[in-house]
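# Coordinate inspection notes
One-letter residues, chain by chain:
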Amino acid sequence: MDKIKMTTPLVEMDGDEMTRILWKMIKDELLIPYIDLKTEYYDLGLEHRNETNDQVTIDSALANKKYGVAVKCATITPNAARMTEYNLKEMWKSPNGTIRAIMDGTVFRTPIVVKGIEPCVRNWKKPITLARHAYGDVYKASEIKVPCAGKAELVFTAEDGTETRELIHEFDGPGVLQGMHNTEKSIRSFAKSCFNYALDTKQDLWFATKDTISKKYDHTFKDIFQETYEKEYKERFAEAGITYFYTLIDDAVARVMKAEGGFIWACKNYDGDVMSDMVSSAFGSLAMMTSVLVSPDGNFEYEAAHGTVQRHYYKYLKGEETSTNSVATIFAWTGALRKRGELDKIPQLGVFADKLEKATLTTIESGKMTKDLALITSIENPTVLNSEGFIKAVREELDKNL
């Protein structure tokens with residue numbers, strides 16, 4: 001078959017460790033033989049980020065804003081041990097955090113459902129997509145360890161010098177304090193990204209906070225979502241046949257456990273962090289979860305929800321065989337190709353993405369899978385393949401489909 005032609009490049013963000021190895025295998029085996037692949041390449045491996053003083057991360061995010069669609073490999077966020085291991089100039093920030101901030105984006109995580117890997121929750125039949133507001137709250141908090149008795153106040157000083165004070169607590173001994181913030185601008189961007197993604201994927205949207213307790217902080221989220229929906233999205237949702245639903249976060253948890261799935265669940269930063277791991281684990285494996293960063297102005301960055309698989313990489317360096325799950329990384333590429341084809345009106349890219357995803361799932365359903373899935377599958381006597389063997393098995397299945 002002739003290779004599918006592309007007109008606009010994907011922004012390609014390469015990464016670290018074992019996922020970087022899988023990245024090359026996927027391109028060589030599953031993409032380049034079938035697509036005249038056009039990408040604008042950025043090496044976000046930790047060594048290159050260090051060499052460029054992390055400028056490469058900024059450049060890749062700006063390229064995403066220019067071209068509209070990116071695909072990203074998993075990357076290392078360095079800690080003290082990584083500082084020594086990679087001889088870093090400084091402890092560089094999370095690339096995902098930097099990219100999210102530049103794109104003003106919201107992260108949507110969706111489990112990949114496949115026969116033979118059954119969710120722990122019996123009634124879950126369709127994927128549940130978690131939308132996480134990736135700004136503020138505890139992740140941008142200021143904290144104080146209170147040493148003794150005293151009074152704690154929340155103080156806001158306006159530009160004109162006017163002060164607003166709120167008593168937090170009268171301490172009669174040691175304790176702790178935490179101050180959190182958010183901005184209306186960020187919350188509005190979050191709301192628009194969620195409503196746009198719901199329309200894009202034709203799924204109902206749920207949003208949940210604890211506004212009955214947090215009558216100003218959480219209630220502001222609730223009010224902005226409702227206002228945005230009423231002004232800009234109510235008629236469009238009706239036309240698309242989808243709904244927007246608000247409830248308290250504890251009620252949402254109870255409802256989710258009894259639902260069949262097939263909707264987007266929007267959460268504030270901390271709630272989204274926790275609930276996305278809960279949902280991914282309950283569906284089977286974090287290695288079977290996609291992640292897409294969506295900006296309010298319609299830019300997309302696709303990646304796997306998991307990390308760099310450090311332990312397997314060290315085995316790989318020793319020449320030992322690994323059985324690393326590449327499914328979410330394959331689906332990052334298919335998601336990006338499908339969106340690029342949609343924007344550029346190249347339907348062949350979408351068709352190819354569909355066939356590659358089908359080939360990946362059919363390979364697993366036929367009993368061929370990596371070790372992590374073999375440990376949890378309901379398929380009897382599965383064949384455990386190594387990292388490269390699984391990707392080659394997917395290619396064999398793909399060739400049948402094509």
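Structural data are supplied above this passage.
The paragraphs below set out a description of the structure included in this document.

Cut-offs used in this document
- Residues numbered from 1 in each chain as written.
- Predicted model: local features only at pLDDT ≥ 70, side-chain atom pairs only at ≥ 80, totals over all residues.
- Heavy atoms only, no water.
- Helix = DSSP H or I, 4+ residues; strand = E, 2+ residues; numbered from the N terminus.
- Expected span 1.5 Å × (residues − 1).
- Buried < 20%, exposed > 50% of the residue type's maximum accessible area, 1.4 Å probe, protein only.
- Arc of directions from axis to C-beta.
- Axes fitted to C-alpha atoms, helices over the stretch in contact; angles between N-to-C directions.
- Parallel < 35°, antiparallel > 145°, perpendicular 65-115°, else oblique.
- Left-handed = near helix turned anticlockwise from the far one by under 90°.
- Contact = heavy atoms within 4.5 Å.
- Nonpolar A, V, L, I, M, F, W, Y, C, P; charged D, E, K, R; others polar.
- Patch = residues over 30% accessible without salt bridge, like charges linked within 9 Å, V, L, I, M, F, W, Y side chains within 5 Å.
- Areas by Shrake-Rupley, 256 points an atom, 1.4 Å probe, with all protein chains shown as cover.
- Salt bridge = Lys/Arg side-chain N within 4 Å of Asp/Glu carboxyl O.
- Pairing = 2+ DSSP bridges.
- Polar contact = N/O pair within 3.5 Å; in protein donor to acceptor, adjacent residues only side chain to side chain.

### Brief notes about helix α3 (residues 55-67)
Spanning 13 residues, α3 covers 18 Å between terminal C-alpha atoms, matching the ideal 18 Å at 1.5 Å per step. Val56, Thr57, Ser60, Ala61, Ala63, Asn64 and Tyr67 are the residues of α3 that are buried. One face of α3 carries all of its buried residues, which in axial projection span an arc of 155 degrees. Gly68 sits one or two residues past α3 and shows a positive phi near 95 degrees.

### Considerations on the packing of helix α11 (residues 327-344) against helix α12 (residues 347-365)
It is at 7 Å that the axes of α11 and α12 come closest, and there the two elements cross at 160 degrees. By the angle between their axes, α11 is roughly antiparallel relative to α12. Crossing hand, α11 versus α12: left-handed. Residues Val327, Ile330, Phe331, Thr334, Gly335, Leu337, Arg338, Arg340 and Gly341 of α11 lie in contact with α12, whose contacting residues are Leu349, Gly350, Phe352, Ala353, Asp354, Leu356, Glu357, Thr360, Leu361 and Ile364. Here the contact of α11 with α12 is composed, by residue class, of 10 nonpolar, 5 polar and 4 charged.

### Some points on a nonpolar patch on the surface
On the surface, a cluster of nonpolar side chains totalling about 430 Å² of accessible area is made up of Val138, Tyr139, Met180, Tyr270 and Val274. Looking at the secondary structure, you find Val138 in the loop between β7 (128-132) and β8 (142-146).

### What about the pairing of strand β15 (residues 289-294)?
On a regular strand, each side chain points to the face opposite its neighbour's, so the side chains alternate between the two faces of the sheet. For β15, a buried count of 6 out of 6 residues is recorded, marking the element as mostly surrounded by other parts of the structure. Alternating residues of β15 divide into Met289, Ser291 and Leu293 and Thr290, Val292 and Val294, and every residue in both groups is buried. Note: strand β6 (residues 106-111) against β15, 6 bridges, orientation antiparallel. What sits directly across from Pro111, in β15, is Met289. When β15 meets strand β16 (residues 300-304), the two strands line up antiparallel, connected through 5 bridges. Of the residues in β16, the one forming a bridge with Thr290 is Ala304. As consecutive antiparallel partners, β15 and β16 are separated by 5 residues, and within that stretch Gly298 has a phi angle of approximately 90 degrees, a positive value.

### Observations regarding the side chain of Thr322
Summarising the element assignment, Thr322 is placed in the loop between α10 (310-317) and α11. Thr322 gets classed as buried once you look at its relative accessible area, which sits at 9%. Separated by 2.7 Å, the side chains of Thr322 and Ser387 make a polar contact. Ignoring any residue separated from it by four or fewer positions in sequence, one finds Thr322 in contact with Met18, His312, Lys315, Tyr316, Asn386 and Ser387.

### Topic: the pattern of salt bridges
For side chains of opposite charge, pairing can occur when their charged atoms come near one another. By the definition in use, this model includes 30 salt bridges. For Lys392, the salt bridge is made with Glu29, and the minimal N-O distance between the two is 3.0 Å. Of this pair, Lys392 sits in helix α14 (residues 387-401) while Glu29 sits in helix α1 (residues 17-31), placing them 363 residues apart in sequence. Residue Glu29 is classed as buried on the basis of its relative accessible area, which comes to 16%. Salt-bridge contacts for Glu230 lead to Lys234; the nearest nitrogen and oxygen are separated by 3.6 Å. Here Glu230 pairs with Lys234, and both are found in helix α7 (residues 217-240), just 4 residues apart, close to one helical turn. Accessibility expressed as a relative area gives 42% for Lys234, which makes it partly exposed. Three or more residues joined by partner-sharing salt bridges are found here, namely Glu29, Glu388, Lys392 and Arg395.

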